[in-house]
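Descriptive analysis of the structure
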Amino acid sequence: MLRRPIRSTSLKAVGYDAASLTLEIEYRNGRVVRYTGVSEAVYQGLLAVPGKAQFVEQVLENSGYGREQVK
């Protein structure tokens, strides 16, 4: 999945595939986490908020999305 760089102190890049509702987040420490069942609206919300790491923690980690550590 192609990831685009983002401005964040802890996140490096994000990628989204609308067909499979899959979101990938690459952290600055090299870790990559894949979330499944994520709507386009949630992805756009992540891109729009200034506190991206907080958004990941509050929305993605606590909302029951499928989660897989890829790297």
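Rules used in this analysis
Residues numbered from 1 in each chain as written. Predicted model: local features only at pLDDT ≥ 70, side-chain atom pairs only at ≥ 80, totals over all residues. Heavy atoms only, no water. Helix = DSSP H or I, 4+ residues; strand = E, 2+ residues; numbered from the N terminus. Buried < 20%, exposed > 50% of the residue type's maximum accessible area, 1.4 Å probe, protein only. Phe/Tyr/Trp six-rings, centres within 6.5 Å; stacked < 30°, edge-to-face > 60°. Lys NZ or Arg CZ within 6 Å of the ring centre and 35° of its normal. UniProt positions renumbered as here; feature names shortened; annotations may be inferred. Core = buried A, V, L, I, M, F, W, Y, C linked by side-chain atoms within 4.5 Å. Contact = heavy atoms within 4.5 Å. Pairing = 2+ DSSP bridges. Axes fitted to C-alpha atoms, helices over the stretch in contact; angles between N-to-C directions.

**Side note on the environment of R31**
- Residue placement: R31 occurs in the loop between β3 (22–27) and β4 (32–36).
- On the basis of relative accessibility, which here comes to 25%, the residue R31 falls in the partly exposed class.
- Between the alpha carbons of R31 and Q69 there is a distance of 7.6 Å; along the sequence they are 38 residues apart.

**A word on the packing of aromatic side chains**
- Under the criterion given, the structure shown has one aromatic pair.
- Look at Y16 and Y43: their rings are 4.7 Å apart centre to centre, the planes differ by 10°, and that puts the pair in the stacked class. Of the two residues, Y16 sits in strand β2 (residues 11–17) while Y43 sits in helix α1 (residues 40–48), which places them 27 residues apart along the sequence. In this structure, Y16 and Y43 share a single accessibility class: buried.
- Note that R31 overlies the ring of Y27, its terminal NZ or CZ placed 4.1 Å from the centroid.

**Let's talk about the UniProt feature "domain: KTSC" (unreviewed entry) in the chain**
- Following the UniProt record, the feature "domain: KTSC" (unreviewed entry) maps to residues 8–63 here.
- In this annotation, residues 8–63 is assigned 32% helix and 32% strand; the end-to-end C-alpha distance for the span is 22 Å.

**Side note on the nonpolar core**
- Among the nonpolar cores identified, the biggest contains 17 residues, and L23, I25, Y35, V56 and L60 are the most heavily contacted of them.
- Looking at this core, the elements with two or more residues in it are β2, β3, β4, α1 and α2 (52–60).
- A per-element tally of this core places α1 first, with four residues.
- Contact partners of V56, with chain neighbours within four places excluded, come to L11, I25, Y27, Y35, L46 and E61.

**Structural notes on the pairing of β4**
- Strand direction decides the pairing type here: β3 and β4, joined by five bridges, are antiparallel. Paired with E24 across the two strands is R34, which belongs to β4.

**Observations concerning the sheet that holds β2**
- Ordered by their spatial adjacency, five strands build an open sheet running β1-β2-β3-β4-β5, and the pairing between neighbours is antiparallel. Whereas interior strands pair on both sides, the edge strands pair on one side only; in this sheet they are β1 (4–5) and β5 (66–69).
- Across two bridges, β1 lies against β2 in antiparallel orientation. When the sheet's bridge partners are listed, P5 is paired in β2 with A13.
- Along the sheet, α1 contacts β1, β2 and β3; its crossing angle with β2, the most-contacted strand, is approximately 160°.

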